Amino acid sequence: MDKKDAYLWLRSIDKISNNVIDKILQNGLKVEDIINLSDKEIYEIENINLNIKENIVKYKSLAYLDDIKEKLRHRNIKYVSIEDDHYPSRLKNIYNAPKLLYYKGNINILNEGLSIAMVGSRKATAYGKHCATTISSKLSEMNINVVSGLATGIDSYSHMGCIKGGGKTVAVIGSSVDNILPRKNLYLSKEILENDGLIISEYGIDSKVYPSNYVHRNRIISGISHGVIVVEAAIKSGALITADFALEQGREVFSIPGSIHSAMSEGCHKIIKEGAKLVCSIEDILEEYKIINDKNKENLKKYDNINLDKKSRIIINTIKNKGTLHIDEICDNTRMDIKYVNIILNELVLRDILVQINNNRYILNS
């Protein structure tokens, strides 16, 4: 048995976690030789509990391994171990790197080009959905891979934006790759694969799904990425856990500001105060990786070159400087009458310069 199959065998045994495999190896044992140990030798392994030893003894057969491999083939699931050349290179160097990853789709994405993770609240606002879709789409147009967790809310819109932009998106999930959760994202998972994307997990077929899976999943999201963008997040959220992992792993952390009145932006504002880079447009991300080019410079001048009257420019510059604004706030900041502001806003929305997100609030269409 080679190391790759040994990892597959151990990870397929219930309750044999990544940490338990590390403990086995700390005893000076070779993972590929475990199956050849006698029952007595297995029970003498230190630092792992009796239930785990009993499971190893119970499933210590090549027939069990062959059965697992046949199930994977039948479900069109592939796997890669930390020993393989096409294992994600950035992931190898993180703390507690997964020994084995299961996947469907294009695994080569993870060793090609720039990958940026986008994470945020499952209870995304219209503003958050717009930001996730727009920024993800723009990143994918620049051939940047977008990584997220296939959850509802910001994750879903990040994946969809990437597909819209013609790029490749990676979904890291907390369940088996043949057990897509939430079920409502089953169609989205198929779209990801149809567009040369990737679905990946450290959890094997028929694995039980525990709440802790999603916390562990977050270290992989940041681990395979060059940077992490927090789009929307409450003070206590999985997105901020991903940002913490990113900092521990030496990744760049970005955050999109929102309304001071929105609970869904409190977490974003918190990490900006702590040093995350504030993102107002895709250029803030591209600058960090020194990939600003002539096309981006033209985009920066987008609103200067367009044929607009003076009042329209004042409104655009106000929103550009202040961020998302309600129509009343636009009137207050520009000192214009609401009836004129309303006419101008409608025209700018029709010309795709502004986006109306909800309750008469407006944002630049980046």
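Student: Explain the environment of G223 to me, and be specific about the residues and the numbers.
Tutor: Along the polypeptide, G223 turns up in helix α9 (residues 212-223). By relative accessible area, G223 is classed as buried at 0%. Taking the C-alpha atoms as reference points, G223 and I241, 18 residues apart in sequence, are found 13 Å from one another. Apart from residues lying up to four places away in sequence, G223 is in contact with R90, L91, I94, Q249 and R251.

Student: Residues and numbers for the nonpolar core, please.
Tutor: Across soluble globular proteins, you tend to see nonpolar side chains buried next to one another. In this structure, W9, I56, V170, I200 and V230 are the most contacted members of the largest nonpolar core, which totals 70 residues. Residue contacts for V230: discarding those within four places in its chain leaves V119, A239, L240, A243, F254, S255, I256, C268 and I271. Formed by 26 residues, the second largest nonpolar core is a distinct cluster that contains L114, Y127, V146 and I256.

Student: Account for the environment of Y64, naming residues and giving values.
Tutor: Relative to the helices and strands, Y64 resides in helix α5 (residues 62-74). Along the primary structure Y64 and W9 are separated by 55 residues, whereas in three dimensions their C-alpha atoms are 7.9 Å apart. Once residues within four sequence positions are removed from consideration, Y64 is found in contact with W9, S12, I13 and Y59.

Student: Tell me about helix α4 (residues 50-58), residues and numbers included.
Tutor: Along α4, the residues classified as buried are I52, K53, N55, I56 and V57. In this fold, the buried residues of α4 make contact with α1 (3-12), α2 (18-26) and α3 (39-43). For α4, the N-terminal cap is N49; the gap from its side-chain oxygen to the backbone nitrogen of N51 is 3.1 Å.

Student: Go over the packing of aromatic side chains, please, and point to the residues and values.
Tutor: Taken as a whole, this structure holds two aromatic pairs when the rule is applied. When the centroid spacing of 4.7 Å and the interplanar angle of 40° are considered together, the rings of Y59 and Y64 count as tilted. For the ring pair F254 and Y289, a centre distance of 6.2 Å and an interplane angle of 50° mean the geometry is tilted. Highlighted residues: F254 in strand β8 (residues 252-255) and Y289 in the loop between α12 (282-288) and α13 (294-300), separated in sequence by 35 residues.

Student: Tell me about the sheet that holds strand β2 (residues 100-105), residues and numbers included.
Tutor: Strand order in the open sheet formed by nine strands is β1-β2-β6-β5-β4-β3-β7-β8-β9, with mixed pairing between adjacent strands. The strands lining the two open edges of the sheet, one partner per strand, are β1 (78-81) and β9 (277-278). Judged from the two bridges that link them, β8 and β9 form a sheet pairing that is parallel. Among the inter-strand pairings, S255 is bridged to a residue of β9, identified as L278. Across the face of the sheet, helix α10 (residues 238-248) comes into contact with β3 (115-120), β7 (227-232) and β8 while running at roughly 160° to β7.

Student: Describe the packing of α1 against α2, and please don't skip the residues or the numbers.
Tutor: Direction vectors running N to C along α1 and α2 enclose 125°, while the axes themselves pass 10 Å from each other. For the element pair α1 / α2, the angle class is oblique. Crossing handedness for the pair α1 and α2: right-handed. In this structure, α1 uses Y7, L10 and R11 to contact α2, whose residues at the interface are N18, I21 and L25.

Rules behind the numbers
Residues numbered from 1 in each chain as written. Predicted model: local features only at pLDDT ≥ 70, side-chain atom pairs only at ≥ 80, totals over all residues. Heavy atoms only, no water. Helix = DSSP H or I, 4+ residues; strand = E, 2+ residues; numbered from the N terminus. Buried < 20%, exposed > 50% of the residue type's maximum accessible area, 1.4 Å probe, protein only. Contact = heavy atoms within 4.5 Å. Core = buried A, V, L, I, M, F, W, Y, C linked by side-chain atoms within 4.5 Å. Polar contact = N/O pair within 3.5 Å; in protein donor to acceptor, adjacent residues only side chain to side chain. Phe/Tyr/Trp six-rings, centres within 6.5 Å; stacked < 30°, edge-to-face > 60°. Pairing = 2+ DSSP bridges. Axes fitted to C-alpha atoms, helices over the stretch in contact; angles between N-to-C directions. Parallel < 35°, antiparallel > 145°, perpendicular 65-115°, else oblique. Left-handed = near helix turned anticlockwise from the far one by under 90°.

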